[in-house]
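Listed below, chain by chain, are the residues.
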Amino acid sequence: MNKLYKNCLAGGLAGVMVAGMAIGAMAADIRVGITMRMISENGQKYGQMVMDEIDMINKSGGINGNMIKPTLMNDECKSDKGVANAIKLINQQKVHLLIGSTCSSVTLPIVDITAKASVPQIIPHSTNGKITKKGSAWVFRVPVSGRFYAGVNAKYVGENIGKKIAYLCAADAASQNDCEAMQKQMKAQHGSEPAYVAQVQEKEVDFRTHMQKIKSAGVDGILIAALAETMARALIQSYEAGIPASVRRIGSSSASNSPVPTIAGDAAKGVFFAAAYAAADNRPIARLFNEMVKKRYGVHAPDHDFSQAYDLVRIVEIALNNANLKLDSGSLAADRTAIRDSIASIKNYEGLASGPISFCAAATPQCRDGNRTAVLIAYSKGGKDYKTEVLARVTMPADFGL
Amino acid sequence: MALLDVTGLSKNFGGLLALSNLDVSIEAGSIHGLIGPNGSGKSTFFNLVTGVYQPNPGSRIIFDGHDITSSPSHEIGSLGIARTFQLLRLFSEMTVLQNLMVGYHTHVSYGFLTTLLNNSLVSKADAETADEMMDLLEFIGLADFAGMPASELSGGQRRLLALGRAMAMRPKLLMLDEPAAGLSPVNLDNLLSIVMALKEKFGLTVLIVEHILKVVMETCDTVTVLDYGEKIGEGTPEHVKDDHAVIEAYLGQEMDDEEIRAAFEA
Amino acid sequence: MTAVNSIIHSISSFVDKLNAVHRMLPWVLAFVLLLPLPQILAAVFNDYYIYLANKICIFILLSVGLNIVKGFCGQVTVGHVGLYAIGAVSSALVSIHFGWSFWLAFPIGILLSGIAGLIVGLPSVRLEGAYLALATLGLGESVRIMIAVTPLFGSSTGLLSIPEPTIGSFVFDNYTKYYYMVMTFAMIGIYLSFSILRSATGRAFMAVREDTVAAAVHGINVAKYKLLAFVISALYAGAAGGLFAHMPPGYIHHNNFTIIEMVTLLLMVVLGGIGHIWGGILGAIIVTIIYDQTLEFYFIQPLLFGMTMILIVIFMPRGIGGVIDRYFMTKKFMKIREENSDGTS
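How each quantity is defined
Residues numbered from 1 in each chain as written. Chains lettered and ligands numbered in written order. Predicted model: local features only at pLDDT ≥ 70, side-chain atom pairs only at ≥ 80, totals over all residues. Helix = DSSP H or I, 4+ residues; strand = E, 2+ residues; numbered from the N terminus. Rg over C-alpha atoms; globule rule 2.2 N^0.38 Å. Buried ≥ 20, exposed ≤ 12 C-beta atoms within 10 Å, placed from the backbone. Contact = placed C-beta atoms within 7 Å. Domains from an automatic or database assignment. Nonpolar A, V, L, I, M, F, W, Y, C, P; charged D, E, K, R; others polar. pLDDT = per-residue confidence, 0-100. Axes fitted to C-alpha atoms, helices over the stretch in contact; angles between N-to-C directions. Parallel < 35°, antiparallel > 145°, perpendicular 65-115°, else oblique. Left-handed = near helix turned anticlockwise from the far one by under 90°. Pairing = 2+ DSSP bridges. Right-handed = clockwise from strand over helix to strand, strands pointing away. Expected span 1.5 Å × (residues − 1).

### Quick look at the overall build of chain B
Per the secondary structure count, chain B includes 11 helices and 10 strands. In terms of overall size, chain B behaves like a compact globule, its C-alpha atoms giving a radius of gyration of 20 Å where 266 residues would be expected to give roughly 18 Å. For the C-alpha atoms alone, the extent of chain B along its principal axes is close to 70 × 45 × 35 Å. For chain B, the residues scored as buried account for 43% of the 266 residues in total. A separation threshold of at least 6 residues defines the contact pool for chain B, and within that pool the share at least 24 residues apart is 65%.

### Structural notes on the overall build of chain A
Scanning chain A from terminus to terminus reveals 14 helices and 12 strands. Its C-alpha atoms put chain A at 80 × 50 × 40 Å along the principal axes. Partitioning the intrachain contacts of chain A with sequence separation of at least 6 by distance along the chain shows that 69% fall at a separation of at least 24.

### Regarding the domain arrangement of chain A
All names here are of chain A. Structurally, chain A comprises domain 1 (7-145 + 285-372) and domain 2 (147-276 + 375-395). Just the C-alpha atoms count here: the centres of domain 1 and domain 2 sit 31 Å apart. Contacts between domain 1 and domain 2 engage 23 residues on the former and 18 residues on the latter. Going through the elements one at a time, helix H4 (104-117) and helix H12 (304-322) are the ones with two or more residues in the side of domain 1 that touches domain 2. Examining the composition of the side of domain 1 that touches domain 2, we find that 4 residues originate from one element, H12, more than from any other. Of the residues in the side of domain 1 that touches domain 2, the class split is 6 nonpolar, 14 polar and 3 charged.

### Structural notes on the interface of chain A and chain C
In this assembly, 24 residues from chain A lie in contact with 18 residues from chain C. When residues of the side of chain A that touches chain C are assigned to their parent elements, the largest contribution, 6 residues, is made by helix H3 (residues 79-91) of chain A. A per-class count over the side of chain A that touches chain C returns 10 nonpolar, 8 polar and 6 charged.

### Some remarks on the interface of chain C and chain B
Listed by partner, the interface residues are 28 residues for chain C and 37 residues for chain B. If one sorts the elements of the side of chain C that touches chain B by residue count, helix H9 (residues 200-210) of chain C sits on top with 7 residues. Looking at the side of chain C that touches chain B, its residues break down into 14 nonpolar, 8 polar and 6 charged.

### Concerning the environment of Ala-88 of chain C
All names here are of chain C. Locating Ala-88 in the fold gives a position in helix H5 (residues 80-98). Ala-88 sits in the buried class, given 29 other C-beta atoms within 10 Å. In contact with Ala-88, other than residues within four places in its own chain, are Gly-109, Gly-241, Gly-242, Phe-244, Ala-245 and Ile-252.

### Brief notes about the confidence of the model for chain B
Residues and elements named next belong to chain B. Confidence in the prediction for chain B averages 88 pLDDT; 93% of positions are at 70 or higher. Ranking the elements of chain B by mean pLDDT puts helix H11 (residues 257-265) last, at 59, and helix H3 (residues 96-103) first, at 96. Interface predicted TM-score (ipTM) for the complex: 0.90; the corresponding pTM is 0.87.

### Concerning the packing of H3 of chain A against H4 of chain A
How two helices pack is summed up by the angle between their axes together with the distance between the axes. All names here are of chain A. Contact geometry for H3 and H4: axes closest at 8 Å, N-to-C directions at 25°. By the angle class used here, H3 and H4 are roughly parallel. Seen from above, H3 lies across H4 with right-handed handedness. Residues Ser-79, Gly-82, Val-83, Ala-86, Ile-87 and Ile-90 of H3 form the contact with H4, whose participating residues are Ser-105, Val-106, Pro-109, Ile-110, Ile-113, Thr-114 and Ala-117.

### Let's talk about the arrangement of the chains
Considering every one of the 2 pairs of chains in contact, the largest contact total is recorded for chains B and C. Regarding chain A and chain B, which are not in contact, the minimum distance between any of their C-alpha atoms is 33 Å.

### Describing the sheet that holds strand S10 (residues 230-235) of chain B
Residue and element names in this part refer to chain B. Judged by pairing direction, the sheet is mixed, and its 6 strands sit side by side in the order S6-S7-S8-S3-S9-S10 without closing on themselves. Both edges of this open sheet fall to strand S6 (81-83) and S10, since each of them pairs with a single strand only. Between one strand axis and the next, the sheet turns through 20° on average, direction left out of account. Sheet topology places strand S3 (residues 31-35) next to strand S8 (residues 205-210); 5 bridges connect them, and they run parallel. Paired with Ile-31 across the two strands is Val-206, which belongs to S8.

### A short note on the sheet that holds strand S6 (residues 165-170) of chain A
Residue and element names in this part refer to chain A. In spatial order, the strands read S7-S6-S8-S9-S10-S11-S12; together these 7 strands make up an open sheet with mixed pairing. Where the open sheet ends on each side, the last strands, each with one partner, are strand S7 (196-200) and strand S12 (387-395). Going across the sheet, the axis of each strand differs from the next one's by a mean of 20°, ignoring polarity. Pairing analysis gives 5 bridges linking S6 to strand S8 (residues 221-225), with the strands arranged parallel.

### Notes on the domain arrangement of chain B
Residue and element names in this part refer to chain B. Each domain of chain B was delimited in the assignment, giving domain 1 (1-80 + 171-266) and domain 2 (91-168). Each of domain 1 and domain 2 has a C-alpha centre, and the two are 28 Å apart. Opposite the 10 residues of domain 1 that make contact, domain 2 presents 7 residues. Elements that contribute at least two residues to the side of domain 1 that touches domain 2 include exactly helix H2 (73-79) and helix H7 (185-202). Its residues assigned to classes, the side of domain 1 that touches domain 2 shows 7 nonpolar, 3 polar and no charged.

### A word on the packing of helix H4 (residues 48-72) of chain C against helix H11 (residues 222-246) of chain C
Residue and element names in this part refer to chain C. Contact pair H4 / H11: the axes reach a minimum separation of 8 Å and the direction vectors enclose 170°. Between H4 and H11, the angle falls in the class roughly antiparallel. Contacts between H4 and H11 involve Ile-58, Leu-61, Leu-62, Val-64, Gly-65, Leu-66, Ile-68 and Val-69 from the first element and Ala-229, Phe-230, Ile-232, Ser-233, Tyr-236, Ala-237, Ala-239, Ala-240, Leu-243 and Phe-244 from the second. When grouped by side-chain class, the residues that make up the contact of H4 with H11 number 16 nonpolar, 2 polar and no charged.

### Some words on the pairing of S6 of chain A
Residues and elements named next belong to chain A. When you tally the buried positions in S6, you get 6 out of 6 residues, the bulk of the element. Every second residue of S6 is oriented toward a common face, with Ile-165, Tyr-167 and Cys-169 on one face and Ala-166, Leu-168 and Ala-170 on the other, all of them buried. Pairing analysis gives 5 bridges linking S6 to S7, with the strands arranged parallel. Along S7, the bridge assignment pairs Tyr-167 with Val-197. In this fold, S6 hands off to helix H7 (residues 173-190), which returns the chain to S7; that crossover is right-handed.

### Structural notes on the environment of Ser-109 of chain B
Residues and elements named next belong to chain B. As for its position among the elements, Ser-109 is in the loop between H3 and helix H4 (112-117). Under the C-beta neighbour-count criterion, Ser-109 is labelled exposed, with 11 such atoms within 10 Å. Placed 65 residues apart in sequence, Ser-109 and Thr-44 show a C-alpha to C-alpha distance of 33 Å.

### A short note on helix H6 (residues 155-167) of chain B
Residue and element names in this part refer to chain B. In this model H6 runs 19 Å from its N-terminal to its C-terminal C-alpha over 13 residues, within 8% of the 18 Å that 1.5 Å per residue would give. Along H6, the residues classified as buried are Arg-159, Leu-160, Leu-161, Ala-162, Leu-163, Gly-164, Arg-165, Ala-166 and Met-167. Close packing links the buried residues of H6 with S6, H3, helix H5 (119-140), strand S7 (173-177) and H7.

### With respect to the pairing of S7 of chain B
Residue and element names in this part refer to chain B. The buried fraction of S7 is high, at 5 of 5 residues. Every second residue of S7 is oriented toward a common face, with Leu-173, Met-175 and Asp-177 on one face and Leu-174 and Leu-176 on the other, all of them buried. Relative to S7, S6 runs parallel, the two sharing 3 bridges. Looking at S7, one finds that Ala-82 is bridged to Leu-174. Looking at chain direction, S7 and S8 are connected through 5 bridges and run parallel. Its bridge partner lying in S8, Asp-177 is registered against Val-209. Taking the sense of rotation as the criterion, the β-α-β connection linking S7, H7 and S8 turns out right-handed.

This is the structure:
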């Protein structure tokens, strides 16, 4: 390295350090760690949106003059990576708050980590019921828990479609949960047993054998519980197998993700599902959100993963504004506790969610599953410019499905 | 008593009869040659005796009193037969010394459990073996290259290594498969003198497969001649040289004495 | 290159001096030096690096085992994560359902993994190359799929709340305490690998790798050694699995045992030096650290990894361990040459 270069580098470094210290002296940062599944196109957009929203909060003055410093990490929907990310964010970045994660199989172990480290954790997407049953006082769930969806779906299905239902269940945690819960609810509400149950791989490509069997079973409806791409494939193949449109296809919660209608095309028409948010929602706030997402991220009818990530940032903003934060070198534990308590005191937050979101302090699912309202949405049109319509909106009691 | 006694040895490869009803008997302490044109079954014979292939039913191979007709290669090796290959088949990524240490495998005194539990015993035994192998390398002239990977040796050195590796087995019977092929006269003489010296020093019985007659004539006590999988001649080199069937097999025609002498001295 | 050579030289002459005193001395010294690592990491960096040290120890066990069967014995196996999974799931289940202590569950996981290793190894007696790769790949994936579809093995939710190991009232419930345990097992694993590979067994493995026919005629029971290599590697994988399962937060999911993990493991062994005794150890350390330091560039990581693999195979096919081995081979060769020119010739 020649001397001139070395000198410039040293000078530059010194300058940066001085500047950094100067900034640091003025106001302290609120450090937020984010770990999400960002391997799909949409996954990356959710992450990007969270970062953009935080950036805008900072640009309009931050939280009482303090800037939010976010660190975004990808856990690829793998539990060991999620755990590593969480530990890193907690110990290296020393975050005040952890946002995560998308996949239930990643969130489940992280709950233990945040509980042990006494760091508040707010969940953007995971729906598996066990997450809030662990008794952690540090975890908060923004999406609608899987235990509510099945009740909504089962009610509508039993009353409007029929009681003879076939189940196609993929191996991922959320789908398994949805399948189980739906079967349980159909039995509890209508006394009906499943006409056919098929277990398939998370990324299964060939459903033909199952479709043939389902066709000959003569069912009223088919529940397809799988991640978006897999579900789209199954839908296409259900029509290829010759199962008529009169046999209603019911989607699990991932049916709300845009790859389902875009990939399945016409096969998505008539498919309905319970979700936390409908792009066809008429409320002004929903319309504004849809426009924003279209403009910024090129997605024309955002699913509830978008809306929940958005609501999460808004809830975090409210909680941070209300928390009494010292943000000095010795107050990390106290600040974390303050943020936790602040989130717990949020009552009746009205945002994009189809109903109010409320938390409370007890370490119970009733308190930690803040969002209890589902909408029943159907695709009225499939393909790239898909359209949805709202069939019904249902708020479930807090202890439903426990 | 014969060290190696082969009776009725036959081998089919699908429709091809590679060896047909072969009887060969090798006396302990002798050097025996196995000659014949290409394709006469010499390498097949080697592979059958050392368990690389299994012979047809009806064949019998007795070595040192043991019936090894259907034994697997590693058992035959531990009974005392060592062999080299035409293509050498050296352990290329291992060093010269390591190649010999592998040859010594059947004489290793410790077992797997000892390897796990008593490593100092293993180190000591290996060090002693290494010393012995270095002596062997000295004898064959490769001591300077002990730490070199086998892949980096020259052609002649590789031949010597193959020989050394076979000798590391402390065999009773040493079988050499076309050791002369492609060697310059100097290297060939060197190789042969080493083989003779080894035989004297370690009391070996040697079986050489060759199709270069000069080698066989100069070194062997007895010679068996094969052609198309059958024995067509047997006896001392002198006797075999004059056998008309042998001449015909090699040269394909009747010749007079002048031409024969010229051919054999080529 | 000479800088590297002089580093290796100074380390190896130091180790030689220790060896002269007692052959266990380098090992004891290494163990003692590694004991305060958690405290050092916490002071210089933060607690996250203690977690990373734990992971590295577990990866060392996996890589060392894989290197034995693949690098030294030359058997193409890409099902190694399946054995890791069996060790993890068996140990976890036995503790969760029967309530047995880790000290009973852990050996059971290792044993079951060893038996599976025997089964995985059986095709190797007959198959080679691409065929063996397919067979082992199929077996490895089958294990993961079995876990994914069987509720008892966790299926989609995974196995939660796997109990932490305890000794009396001492619970291994944080990464510093857990480190003492995994580091000890990793050192034992490394020590045993050195013992095995620097013995007749190790040479037999290499001979099988180089040429099975030649090995056989020199008295080596090829089938036996292939199976032995598979079983040994499986025992290492089973140990790694058990240690992974009981590590806080005590959660395993079939996603932990995919082909991606297998490829990462292969990268460790190849980068470290396939078939070289330090290969597994170096590879585990370097790959874990590089992976961690590039986490911020998550969108580029798969590309980075793939390119690293390709570059190593092209420019440094023997890996880093190969460079070290080559140094020692050259040194020994020079030494023997000197001895001979001084002495007899």
